[in-house]
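Commentary on secondary and tertiary structure
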Amino acid sequence: MPKNKKTTNKSKVIIPIAVFALLFLGIGVGMGYFKKNLYTVMKVPDFELTDQNSKKITNKDMLGKVYLVEFFFSKCPTICPVMNTNMKAIQNQINDPNFGIVSISIDPENDTPAALKEHAQRIGAKSPNWHFLTGDRTDIGNLADKFNIYVGDKEDEGESLNHSGMIALVDQDGNIRCRYNKENMPILYYSGLNYDDPVGKNPRLNGKYHPDREILIEDIKKLLK
């Protein structure tokens, strides 16, 4: 017996609507996944350096903690003070014994443990888990390469103290993590600089807008849960 034409036509309308509804639901779930989950970039490279208290600190010592990694030097007159200010703000905001910061000097000739201790006190680094590290300059350069964070060539006088303002976020298991951008692509690293526009395209050294600082705080809290 042939099917009723009205019933057949109704089915033809309902099926596409159901498909589109499932498609939009899938997109919504996918967007939620990217917002809530953090991408795993890679394992943090092995390191063993000396901190401001003349104590050896390795990546294994940091296991069990969520922490940030930056490359800097204490006499830097440009981006480092901005990075230090943002790190201090994050330290104060998180205030958790399972959170730490690893600041690796690219100027070990001047940044001795004593000099780094003085620097830590000057900028207000209070957390016992904020380690200012120094060591062999060649090893530090190689370490930066493994992180894929730019540090100038030691042998190039004009470049040796140049470095990126990017920051790595490391989870409790020693994995570098990051969030996804609006295009659902992993950002890999976070900026330690300030910006003068909400879009975050115009970095400046004295900007008051801190987009990456705020998202870092959000993502650190995600990993600490």
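First things first, this report covers the structure right here in the doc. Counting of residues starts from 1 at the beginning of each chain's written sequence and follows it residue by residue. Note on the predicted model: pLDDT of at least 70 is required for a residue's local features to be given, and 80 or more for side-chain atom pairs to be given and counted; whole-chain, interface and lining totals, by contrast, use all residues. To obtain the side-chain values, all non-hydrogen atoms of the structure were included, while hydrogens and water were left out.

**Describing the overall build of the chain**
Along its length, the chain carries five helices and 11 strands. Accessible area for the chain stands at about 13,000 Å²; split by element, carbon and sulfur atoms hold 55% of it. Secondary structure follows DSSP: runs of H or I at least 4 residues long count as helices, runs of E at least 2 residues long count as strands, and numbering of each begins at the N terminus. Areas reported as accessible are Shrake-Rupley estimates using a 1.4 Å probe. Residue values count occlusion only from the protein chains shown.

**Digging into the nonpolar core**
Grouped together as the largest cluster of nonpolar side chains are 52 residues, with contacts concentrated most on Leu 68, Val 69, Phe 71, Ile 104 and Phe 147. By definition, residues are in contact when any of their heavy atoms lie within 4.5 Å. If we ignore the near neighbours within four places in the chain, the residues touching Phe 71 are Met 83, Ile 104, Ile 106, Ile 140, Leu 143, Ala 144, Phe 147, Ile 149, Val 151, His 163 and Ser 164. Residue types Ala, Val, Leu, Ile, Met, Phe, Trp, Tyr and Cys, when buried and joined through side-chain atoms within 4.5 Å, form a set referred to as a nonpolar core. Partly exposed residues are those whose accessible area sits between 20% and 50% of the maximum for their type, while under 20% is buried and over 50% is exposed, using a 1.4 Å probe and protein chains only.

**Notes on the packing of helix 2 (residues 79-94) against helix 5 (residues 211-224)**
Each pair of packed helices can be summarised by the angle the axes make with each other and by the distance between the axes. Where helix 2 contacts helix 5, the axes come no closer than 10 Å and their chain directions differ by 40 degrees. Taken as axis vectors, helix 2 and helix 5 run oblique relative to one another. Helix 2 and helix 5 meet at a crossing whose hand is right-handed. Counting all contacts with helix 2, which are made through Thr 85, Asn 86, Ala 89, Ile 90, Gln 93 and Ile 94, the residues of helix 5 involved are Arg 213, Leu 216, Ile 217, Ile 220, Lys 221 and Leu 224. Note on definitions: angles span 0 to 180 degrees between N-to-C directions of axes, and those axes are lines fitted to C-alpha atoms, for helices only across the stretch in contact. Angular relationships are summarised with four words: roughly parallel below 35 degrees, roughly antiparallel beyond 145, roughly perpendicular across 65 to 115, and oblique for the angles in between. What makes a crossing left-handed is the near helix being turned counterclockwise from the far one by less than a right angle; a clockwise turn instead makes it right-handed.

**Section: the packing of aromatic side chains**
Two rings belonging to Phe, Tyr or Trp (six-membered ring only in the last case) form a pair when the distance between their centres is within 6.5 Å. Interplanar angles under 30 degrees mark stacking, angles over 60 mark edge-to-face geometry, and anything in between is tilted. With the rule as written, the count across this model stands at four aromatic pairs. With a centroid separation of 5.8 Å and 75 degrees between ring planes, the pair formed by Phe 71 and Phe 147 is classed as edge-to-face. Placement of Phe 71 in strand 4 (residues 66-72) and of Phe 147 in helix 4 (residues 137-147) is noted, with a sequence separation of 76 residues between them. Side by side, Phe 71 and Phe 147 carry an identical accessibility label, which is buried. Plain terms: the ring middles of Phe 72 and Phe 132 are 5.9 Å apart, the flat faces sit at 65 degrees to each other, and that makes the pair edge-to-face. With Phe 72 in strand 4 and Phe 132 in strand 6 (residues 130-133), the pair connects residues that are 60 residues apart, well separated along the chain. There is no split in this pair, since Phe 72 and Phe 132 are both buried. Taken together, the ring pairs connect Phe 72, Trp 130 and Phe 132 into an aromatic cluster.

**A few points about the pattern of salt bridges**
Any carboxyl oxygen of Asp or Glu within 4 Å of a side-chain nitrogen of Lys or Arg constitutes a salt bridge here. On inspection of all chains with the given rule, the structure shows six salt bridges. A salt bridge links Glu 214 to Arg 213, with the nearest nitrogen and oxygen atoms 3.7 Å apart. Taking the relative accessible area as the measure of exposure, Glu 214 reaches 38% and is therefore partly exposed. Linking Lys 222 and Asp 219 is a salt bridge whose minimum nitrogen-to-oxygen distance equals 3.4 Å. Pair noted here: Lys 222 and Asp 219 are both in helix 5, with a separation of three residues, about one helical turn. Lys 222 gets classed as partly exposed once you look at its relative accessible area, which sits at 26%. By relative accessible area, Asp 219 is classed as buried at 0%. One network of salt bridges, in which partners are shared, links Arg 179, Glu 218, Asp 219 and Lys 222.

**Observations concerning the pairing of strand 4**
The element strand 4 is largely enclosed, with a buried count of seven among its seven residues. Burial along strand 4 is two-sided: Val 66, Leu 68, Glu 70 and Phe 72 and Tyr 67, Val 69 and Phe 71, pointing in opposite directions, are all buried. This β-α-β element, strand 4 to helix 2 to strand 5 (residues 99-105), shows right-handed connectivity. Two strands are counted as paired when DSSP detects at least two bridges linking them. Two elements, strand 4 and strand 7 (residues 166-170), share three bridges in a ladder whose sense is antiparallel. Across the sheet, the residue bridging to Val 69 is Ala 168, located in strand 7. Looking down the strands as they point away from you, a crossover is right-handed if its path from the first strand over the helix to the second goes clockwise.

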